[in-house]
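If you want the building blocks of each chain, they are given just below.
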Amino acid sequence: MTDTESLKRRVRDTIDEHDEAILDLAKSVHAEPELGYKETETTRKVAEAFEGLGLDVETELAVTGARARAGGRNDADADTADAEDDEFVFAVLGELDALVNPGHPAADPETGACHACGHEAQLANLVGAAYGLVASGVVADLPGAVEFIAVPAEEYLDLEYRRGLLDSGEIEFFGGKQELIRRGYFDDVDCAAMIHAASDTPEREVSSDFSSNGFVGKTVQYEGRESHAGGAPEEGINALNAAMAGMNAVNANRETFADEDHVRVHPIVTNGGDGVNVVPADVRMESYVRAKSVDAIEDANGTTNRALESGAMAVGANVTIEDFPGYLPLRTDETLVTAFNGNARDVIGEDAVFGEHQHVTGSTDMGDVSQIVPSVHPWTGGFEGSAHSTEFGAVDEEMAYLLPAKVTASMVVDVLADPEKRAAVREAKAGKRSTDEYLEIVRRMRNTREAAYMGE
Ligand SMILES: [Zn+2]
């Protein structure tokens, strides 16, 4: 048995010893769902687990959230440490927030919040990996440090509340990881890993080699002029017709989107008029514009805004289009994917890894993290039902809540213990965007475009 193998054995055995605490945490989080930037109880539960391991915990990272660092140099080593030998930091992440689906059997009766995306499994993975690496003492036997971060607000919703946080200056970004990046929490992180429950995958399977779309979000307001819809429509300016013409113009541009860019534009009308006998004068829409790369997002977004504006021009209305930063595309790191998959085969079984490299057209703010540090975001099984639906939930507790923690903690051991893997990750990191470059991109996505075609 090699040294690394025996370290991994200790880590996995220690997770087994703490299996009840890990399962209890997952169930407690599942039973008490909280929406993004409101996860105070969930943060407390994770922070308590970290404190129980003797770690120093920082909370309220961005409204909510908790982090703790284990291992690494202490002050006594500082004098002797080689200045060249920057400490390697491996971040393990878990998302705290729930989403809204009032029909879910575990939904909070008041808020409709529920864990229909399995984020309780991410926290079991986060805390489970902490038990494995810290309670075993293994982290002290490895070079480098592990940063455990419980991150707020991944689901992009409840936007009125977040708008309030934005207006009062408490946050700049709707996504919790974006906000943590802005606040410098990833500045000394070399790589990052989290897991995510896979949709409709009760099997003991994982899939880690994929990329995802990023997106820009938008609200659109068409302003027209009210008049009697039957008696005097000629005196009105129909904002709903402007919106429909705008949407048709978006559709007329779809053939210009290149297949390899995986563009998705999916507008909805959130207010189509107020009374049927009044020409609509205030019509609202929302949309995302998603694509595989930052360039493709910005290109498709420009096309979409031009098309939406044309609807106002067509009927002589006014339009205001407000764009706000969504999430950036996810890119997974080869070294981490290989390490995760190898350990998944060891821990779960030879056939545990499914799927070739694939591109998914949804989005996550782990994409933002992956733009600045090498990252892995594997899908893990043990859940049935379609994610976000009323049917979604864990059906195999060991697979959902315990095995991924063993795989994640073993991957951390593999990377920290192997100078070649650390070097490969560092090299990949050197090719990533800097935090400032990242912030420049997300900030330039925030835009307001106004066009007035209404005469006096
Ligand atoms: Zn999710």
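Residues numbered from 1 in each chain as written. Predicted model: local features only at pLDDT ≥ 70, side-chain atom pairs only at ≥ 80, totals over all residues. Heavy atoms only, no water.

### What to know about the overall build of the chain
- A count of helices and strands for the chain gives 14 helices and 21 strands.
- Taken over the C-alpha trace, the chain has a radius of gyration of 24 Å; the compact-globule value for 456 residues is 23 Å, and the two agree within 12%.
- In terms of overall dimensions, the chain has a C-alpha envelope of 85 × 50 × 40 Å along the principal axes.
- Residues classed as buried in the chain amount to 54% of the 456 residues present.
- Restricting the contact set of the chain to residue pairs at least 6 apart, pairs at least 24 apart contribute 79%.
- Carbon and sulfur atoms provide 44% of the accessible area of the chain, an area that totals close to 18,700 Å².
- For the chain, the distance from the average position of its 38 positive side-chain charges to the average position of its 86 negative side-chain charges is 3 Å. (Helix = DSSP H or I, 4+ residues; strand = E, 2+ residues; numbered from the N terminus. Rg over C-alpha atoms; globule rule 2.2 N^0.38 Å. Buried < 20%, exposed > 50% of the residue type's maximum accessible area, 1.4 Å probe, protein only. Contact = heavy atoms within 4.5 Å. Areas by Shrake-Rupley, 256 points an atom, 1.4 Å probe, with all protein chains shown as cover. Lys, Arg positive; Asp, Glu negative; His and termini not counted. Charge placed at Lys NZ, Arg CZ, Asp CG, Glu CD.)

### With respect to the coordination of the zinc ion
- Within the first shell, the zinc ion binds the protein through C117 (SG), H119 (NE2) and H196 (NE2), at distances of 2.1 to 2.3 Å.
- Mapping the donors of the zinc ion onto the primary sequence yields the spacing C-x1-H-x76-H. (Donors = N, O, S within 2.8 Å, 3.2 Å for Na, K, Ca; no water.)

### A word on the sheet that holds strand β9 (residues 206-207)
- Strand order across the open sheet formed by three strands is β8-β18-β9, with mixed pairing between neighbours. The open sheet has two edge strands with one neighbour each: β8 (196-197) and β9.
- As paired strands, β9 and strand β18 (residues 379-380) are joined by two bridges and run antiparallel to one another. Paired with V206 across the bridge in β18 is T380. (Pairing = 2+ DSSP bridges.)

### Description of the sheet that holds strand β17 (residues 375-376)
- Judged by pairing direction, the sheet is mixed, and its six strands sit side by side in the order β1-β2-β6-β3-β7-β17 without closing on themselves. Since the sheet does not close on itself, it has two edges, and those belong to β1 (57-62) and β17, each with one partner.
- Pairing geometry for strand β7 (residues 191-193) and β17, over two bridges, is parallel. Bridge pairing links A193 to V376 in β17.
- Sheet strands touched by helix α3 (residues 40-52): β1, β2 (64-71) and β6 (145-151). Its angle to β2, the strand with the most contacts, is close to 15°. (Axes fitted to C-alpha atoms, helices over the stretch in contact; angles between N-to-C directions.)

### Comments concerning the layout of surface pockets
- Its boundaries defined by the atoms lining it, the largest pocket holds a volume of some 600 Å³.
- Around the largest pocket, the lining is made up of 25 residues, and of these E154, E155, G362, S363 and H388 lie nearest the centre.
- Tallied by class, the residues present in the lining of the largest pocket amount to 13 nonpolar, nine polar and three charged.
- Looking at the lining of the largest pocket, you find at least three residues from each of domain 1 (3-212 + 329-417) and domain 2 (214-327 + 444-452). (1 Å grid on protein atoms, 1.4 Å probe; cavity = no way out; pocket = protein on both sides within 12 Å on 5 of 7 lines; lining within 4 Å. Points joined across faces, edges and corners; volume = space filled by probe spheres on them. Nonpolar A, V, L, I, M, F, W, Y, C, P; charged D, E, K, R; others polar. Domains from an automatic or database assignment.)

### What about the packing of aromatic side chains?
- This structure, assessed with the given rule, holds 12 aromatic pairs.
- Centroid distance F210 to W379: 5.5 Å. Interplanar angle 25°. Geometry classified as stacked. Highlighted residues: F210 in strand β10 (residues 210-212) and W379 in strand β18, separated in sequence by 169 residues.
- Residues F383 and Y401 carry aromatic rings whose centres are separated by 6.2 Å and whose planes lie at 90° to one another, so their mutual orientation is edge-to-face. With F383 in strand β19 (residues 383-384) and Y401 in helix α12 (residues 397-417), the pair connects residues that are 18 residues apart, well separated along the chain. Neither F383 nor Y401 differs from the other in exposure class; each is buried.
- Among the aromatic residues, ring-to-ring pairing joins Y156, F174, F215, Y288, F324 and Y327 into one connected group.
- Seen from the ring of F215, R290 lies directly overhead, with NZ or CZ sitting 5.6 Å from the centre. (Phe/Tyr/Trp six-rings, centres within 6.5 Å; stacked < 30°, edge-to-face > 60°. Lys NZ or Arg CZ within 6 Å of the ring centre and 35° of its normal.)

### Description of the domain arrangement of the chain
- When its domains are assigned, the chain resolves into domain 1 (3-212 + 329-417) and domain 2 (214-327 + 444-452).
- Taking the mean C-alpha position of each, domain 1 and domain 2 sit 37 Å from one another.
- Taken together, the contacts link 22 residues of domain 1 with 17 residues of domain 2.
- Taken together, the two surfaces of domain 1 and domain 2 that pack against each other cover about 1,500 Å², and 54% of this comes from carbon and sulfur.
- Looking at the side of domain 1 facing domain 2, the largest losses of area belong to Y156, P329 and T361, adding up to 40% of the total buried there.
- Where domain 1 touches domain 2, the interface holds one salt bridge.
- A salt bridge links E322 to R163; its shortest N-O distance comes to 3.2 Å.
- One can count seven residue pairs in polar contact (both at pLDDT 80 or more) joining domain 1 with domain 2. (Buried area = accessible area lost by both parts, 1.4 Å probe. Salt bridge = Lys/Arg side-chain N within 4 Å of Asp/Glu carboxyl O. Polar contact = N/O pair within 3.5 Å; in protein donor to acceptor, adjacent residues only side chain to side chain.)

### Re the pattern of salt bridges
- Evaluation of the coordinates by the stated rule reveals 30 salt bridges.
- The shortest N-O distance in the salt bridge between D141 and R10 comes to 3.2 Å. Taken as a pair, D141 in the loop between α5 (119-135) and β6 and R10 in helix α1 (residues 3-17) lie far apart in primary sequence, 131 residues in all.
- When its relative accessible area of 47% is taken as the criterion, D141 is described as partly exposed.
- Since its relative accessible area comes to 33%, R10 is described here as partly exposed.
- A salt bridge links K406 to D16; its shortest N-O distance comes to 2.7 Å. Pair noted here: K406 is in helix α12 and D16 is in helix α1, with a separation of 390 residues, a long-range link.
- Judged by its relative accessible area of 9%, K406 falls in the buried class.

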